[in-house]
Amino acid sequence: MGTTETTPAAPGGRSAPASGAAPGPQAARRWVRPLRTGRPGAARLVCFPHAGGAANSFAALSAALPEDVELLAVQYPGRQDRRAEGFAEDIGALAAGAAEALADAYADRPLFLLGHSMGALAAFETARLLRQRAAVARLFVSAARPPSQDWGEQDVDALADDEVVAELRRLGGVPEPLLRDPETVREVLRVLRADHRALRRYRCADDAAVTVPLTVLLAEEDPKNSAGQMRDWARHTTGPYGLELLEGGHFALTERGEAVAPLLARYLRRDLEGAAEGSPGAAADAPPSALIRDILLGGLRGRRPALSTDLTTLEDAAREALEPHAYGYVAGNAGTGGTGRANRAAFDRWQLVPRMLRDSSTRDLTVRLLGQRLPAPVLLAPIAAQEVVHPEGELATARGAAEAGLPLVLSTFASRSLEEVARAAGDAPRWFQLYFPADRALAESLVRRAESSGYSALVLTVDAPHFGYRPADLDAAYSPFLRGTGIANFTGDPAFRAGLPEDAGDAGDADGLAVVGHWARICTDASFTWDDLPWLRRLTDLPLLVKGLLHPDDARRALAGGADGVVVSNHGGRQLDGSVAALDALPAVRAAVGDGVPVLMDSGVRSGTDVLKALALGADAVLCGRPYVYGLGLDGQRGVSHVLRALLADLDLALALAGCPSAAGVPAGTITPSGPLPTVSEQDRTQR
Ligand SMILES: Cc1cc2nc3c(=O)[nH]c(=O)nc-3n(C[C@H](O)[C@H](O)[C@H](O)COP(=O)(O)O)c2cc1C
């Protein structure tokens, strides 16, 4: 239920039909109220009020914004100075009116739309209507469940006036003195009931989507909304999606302007700077392969990429640049390195059979995975203890991933806590990788923390009940974890600390040995079996993937235990040396689970054509592993960003040259085992 924080205009006056889509500057003045002008060229934020609210609901937020932000607020008909017009019939009419006004009078600059509670639906619909008429840079939705979810419980008509007032008190948003004034309450209820009628008429298709980055603002103590409910917003954008947690309740946005304003201003600046620099996040229209043009044009001004665009060479560059123990930790394989080599050799054993004269003028790299839309079929693999290669560790990785809009799968053994990484990721998608610990209370605590920090999927890694036999680490007598790096998710966890003696220090202290020792005892549970998987399944509603499978029967067992999908992987050759290459295991796993079940793969992916080969063999997406960690070690966030941009540019071009315009629909016939091509009739059958 929304409320009004404003003093309503005096009751009375003639009712006129809602003005819906009336065009022209007058309509613009009726629908859109400048609350804060900002300095010339300021970023333009347009706010949509909640049910019962009005343009001046955003007064506190407006006052707290910096000079470089302009704030416009939408004034819905039927209230305050628009009382005489009567109410809008439905959310569509609100959006039509606002879109018309914005397109007419405010389309000279990119628009940032922000809707609070019911206003989120109006802003969402407005963004869809504006698609052809104005540049929308980002959509923020605050305290609002996704449009395709049921808003039906908000039936205030079924409540008596005093019940509605009680609910208004519970949610906050209307100052108590106003709630004691009968005339104000009458007007508040009149507006609120009408807005709720519009809300109840609202229907949205499951696949209705905007094409811009979408950020959900959720207050931690909002009694009406939870992080779990918010995940479905991801389905309603084809751009990057993310969640920001605010302190406070349902009205955190409008009541705690001083806390929210800097966050919003940061987004606005970053998006506008990104657009000016042509970064991939903001220049949503430029295909990833535009990087090639940018690099070559840069050459005319004497510029060259800082890191190679051949991602296979970054390992050598890292060997030169990193401390030997750090390089060994990342590059090291298990045993003789046989599986590491097999991973790469498998990619070489498959060849692409490109098809010609298929319109490749535009390519669609987006894929849908676990109900989330990703800009490309690529995620950042969980890699532990990243501070070993760069002091900013996973924070720089999260920012680099966010720039590309690709999900980072954060390791349980990260060197920064999952909460810190969530803050660094901002609105970017993020998943959490779980090593199941030998303590169920700790397992539950990790999962709950991931849920409430906006991680939108859980990846359970099952191929590392013990660390592999890794000569590089053994010869250097080196483990980051025993030195306190890579255990940040544990040291602050209440369930973990409950198992420590009272006087245990931190991992870095002299008494930190107790911490590290306790961690070593419970960090994984080697007795975990398929029989335990349903326990984890019941623990959370997050989508669940099982990572580290190579045998088709294991993939079937994962699904039987409640997993939503699998990751075919041999941990990049770091666990059981001599095991089968991940790419070779992929087709049988895909065949075992059938179409429609998410299958991801990693281990050996180094180029865009590797990604294409994995897609052609049945993967829905791949995880990029070591290359981005080398990028991190060599150049921090910029290095991560470089690796991801290069990988996507190569993939984009590979799709075009192979005659596959869509990453989500790469035909199996795009690939063939190396060696003589199949017979003419076989080729004809498989490669249509
Ligand atoms: C240094 C390093 C640390 C890793 N840490 C984890 C981890 O914490 N959790 C996990 O599931 N996989 C981990 N992996 C495996 C990766 O997620 C991924 O499966 C692997 O890197 C893919 O192989 P590639 O890097 O050769 O492409 C790690 C890999 C490396 C290289």
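All values reported here derive from a predicted model rather than from experimental measurement.

Undergrad: What should I look at first to understand the overall build of the protein in this one?
TA: Assigned secondary structure in the protein consists of 27 helices and 19 strands. C-alpha atoms of the protein, sized along the principal axes, occupy 85 × 70 × 50 Å. Classification of the 688 residues of the protein by burial places 59% in the buried group. Intrachain contacts of the protein at a sequence separation of at least 6 include 78% that bridge at least 24 residues. Here the protein displays about 27000 Å² of accessible surface, and carbon together with sulfur accounts for 52% of that area. For the protein, the distance from the average position of its 71 positive side-chain charges to the average position of its 85 negative side-chain charges is 5 Å.

Undergrad: Please explain the site of the ligand as it appears in this structure.
TA: The full set close to the ligand counts 22 residues, and P382, S411, T461, R606 and R626 are the nearest of them. Interatomic distance of 3.0 Å between a backbone N/O atom of A384 and a nitrogen atom of the ligand. Contacts to the ligand include Y435, whose side-chain N or O atom sits 2.9 Å from a nitrogen atom. Burial of the ligand by the surrounding chains reaches 98%, relative to a free accessible area of 610 Å².

Undergrad: Any chance you could explain the sheet that holds strand β3 (residues 69-74) here in plain terms?
TA: The strands that make up a sheet are held in pairs by hydrogen bonds between backbone atoms, and each pair lies either parallel or antiparallel. Here we have seven strands laid out as an open sheet, ordered β1-β3-β2-β4-β5-β6-β7, and mixed in their pairing. A strand with exactly one partner marks an edge of an open sheet, and here the two such strands are β1 (32-36) and β7 (241-246). Each strand axis lies, on average, 25° off the axis of its neighbour in the sheet, ignoring direction. Across the sheet, helix α3 (residues 91-105) is in contact with β1, β2 (43-48), β3 and β4 (111-116); its angle to β2 comes to roughly 160°.

Undergrad: Looking at this structure, I do not really get the pairing of β7. What am I missing?
TA: On any regular strand, side chains alternate: one points to one face of the sheet, the next to the other face. For β7, the buried fraction is high: five of the six residues fall into the buried class. In this sheet, β7 lies alongside strand β6 (residues 214-219) in parallel orientation, the contact comprising six bridges. Looking at the pairing, T215 lines up with G242 of β7.

Undergrad: How should unusual backbone geometry be read in this particular structure?
TA: Outside of glycine, negative phi angles account for most residues, and trans bonds account for most peptide bonds. With phi around 50°, S117 is a residue other than glycine that occupies positive phi space. Tracing the sequence through the fold places S117 in the loop between β4 and α4 (118-130).

Undergrad: So what exactly am I meant to see when it comes to the pattern of salt bridges here?
TA: Between side chains of opposite charge, a pair can form when the charged atoms approach closely. The full count for this structure, using the stated rule, is 39 salt bridges. For R138, the salt bridge identified is with D271, shortest N-O distance 2.6 Å. Note that R138 is positioned in strand β5 (residues 136-142) and D271 in helix α10 (residues 257-277), a separation of 133 residues in sequence. Residue R138 shares its accessibility class with D271, and that shared class is buried. Residue E387 is joined to R416 by a salt bridge in which the shortest nitrogen-to-oxygen separation is 2.8 Å. Taken together, the residues E387 in the loop between β11 (378-380) and α15 (393-404) and R416 in the loop between β12 (408-410) and α16 (418-425) connect sequence positions 29 residues apart. Note on E387: relative accessible area 30%, which makes it partly exposed. Judged by relative accessible area, which is 18%, R416 ranks as buried. Each member of the salt-bridge network shares a partner with another, and the members are R44, E70, D108 and R109.

Undergrad: Even after reading the chapter, I still don't get the packing of helix α14 (residues 338-349) against helix α24 (residues 582-593), so can you show me in this structure?
TA: Between α14 and α24, the least distance of the axes is 7 Å, while the angle of their chain directions is 65°. Contact residues: N343, A346, F347 and R349 in α14; A582, L583 and D584 in α24. Considering only residue class, the contact of α14 with α24 consists of four nonpolar, one polar and two charged.

Undergrad: Sorry if this is basic, but what is going on with a nonpolar patch on the surface here?
TA: Judged by side-chain polarity, I292, L296, L653 and L657 come together as a nonpolar surface patch covering roughly 370 Å² of accessible area. Elements that contribute at least two residues to the nonpolar patch include exactly α11 (290-300) and α26 (626-658). Considering the arrangement of structural elements, one finds L653 in helix α26. By relative accessible area, L653 is classed as partly exposed at 34%.

Undergrad: I tried to follow helix α17 (residues 440-452) on my own but got confused; where do I start?
TA: Each turn of an α-helix holds 3.6 residues, which means side chains three or four residues apart point in the same direction. In a regular helix each residue adds 1.5 Å, so 13 residues correspond to 18 Å; α17 covers 18 Å between its end C-alpha atoms and thus fits that length. Within α17, the full set of buried residues consists of L442, A443, S445, L446, V447, R449 and A450. Between a side-chain oxygen at the N-terminus of α17 and the backbone nitrogen of A441 the separation is 2.9 Å; the capping residue is D439. Immediately beyond the C-terminal end of α17, within one or two residues, lies G454, with a positive phi of roughly 85°.

Undergrad: So what exactly am I meant to see when it comes to the packing of aromatic side chains here?
TA: For any pair of aromatic rings, geometry is given as the distance between the ring centres together with the angle between the planes. What the rule picks out here adds up to 14 aromatic pairs. Relative to F481, the ring of F413 has its centre 5.4 Å away and its plane inclined at 65°; by these criteria the two rings are edge-to-face. Taken together, the positions of F413 in the loop between β12 and α16 and F481 in the loop between α18 (471-475) and α19 (488-491) put the pair 68 residues apart, joining distant regions of the chain. Pairing F413 with W519 gives two aromatic rings, centres 5.3 Å apart and planes at 70°, and the pair type is edge-to-face. One end of the pair, F413, is in the loop between β12 and α16; the other, W519, is in helix α21 (residues 512-522), and 106 residues separate them in sequence. Judged on exposure class, the residue F413 and its partner W519 are both buried. Taken together, the aromatic side chains of F413, Y435, F467, F481, F490, F496 and W519 make up a single cluster linked through ring pairs.

Calculation criteria
Residues numbered from 1 in each chain as written. Predicted model: local features only at pLDDT ≥ 70, side-chain atom pairs only at ≥ 80, totals over all residues. Heavy atoms only, no water. Helix = DSSP H or I, 4+ residues; strand = E, 2+ residues; numbered from the N terminus. Buried < 20%, exposed > 50% of the residue type's maximum accessible area, 1.4 Å probe, protein only. Contact = heavy atoms within 4.5 Å. Areas by Shrake-Rupley, 256 points an atom, 1.4 Å probe, with all protein chains shown as cover. Lys, Arg positive; Asp, Glu negative; His and termini not counted. Charge placed at Lys NZ, Arg CZ, Asp CG, Glu CD. Near = heavy atom within 4 Å. Polar contact = N/O pair within 3.5 Å; in protein donor to acceptor, adjacent residues only side chain to side chain. Pairing = 2+ DSSP bridges. Axes fitted to C-alpha atoms, helices over the stretch in contact; angles between N-to-C directions. Salt bridge = Lys/Arg side-chain N within 4 Å of Asp/Glu carboxyl O. Nonpolar A, V, L, I, M, F, W, Y, C, P; charged D, E, K, R; others polar. Patch = residues over 30% accessible without salt bridge, like charges linked within 9 Å, V, L, I, M, F, W, Y side chains within 5 Å. Expected span 1.5 Å × (residues − 1). Phe/Tyr/Trp six-rings, centres within 6.5 Å; stacked < 30°, edge-to-face > 60°.

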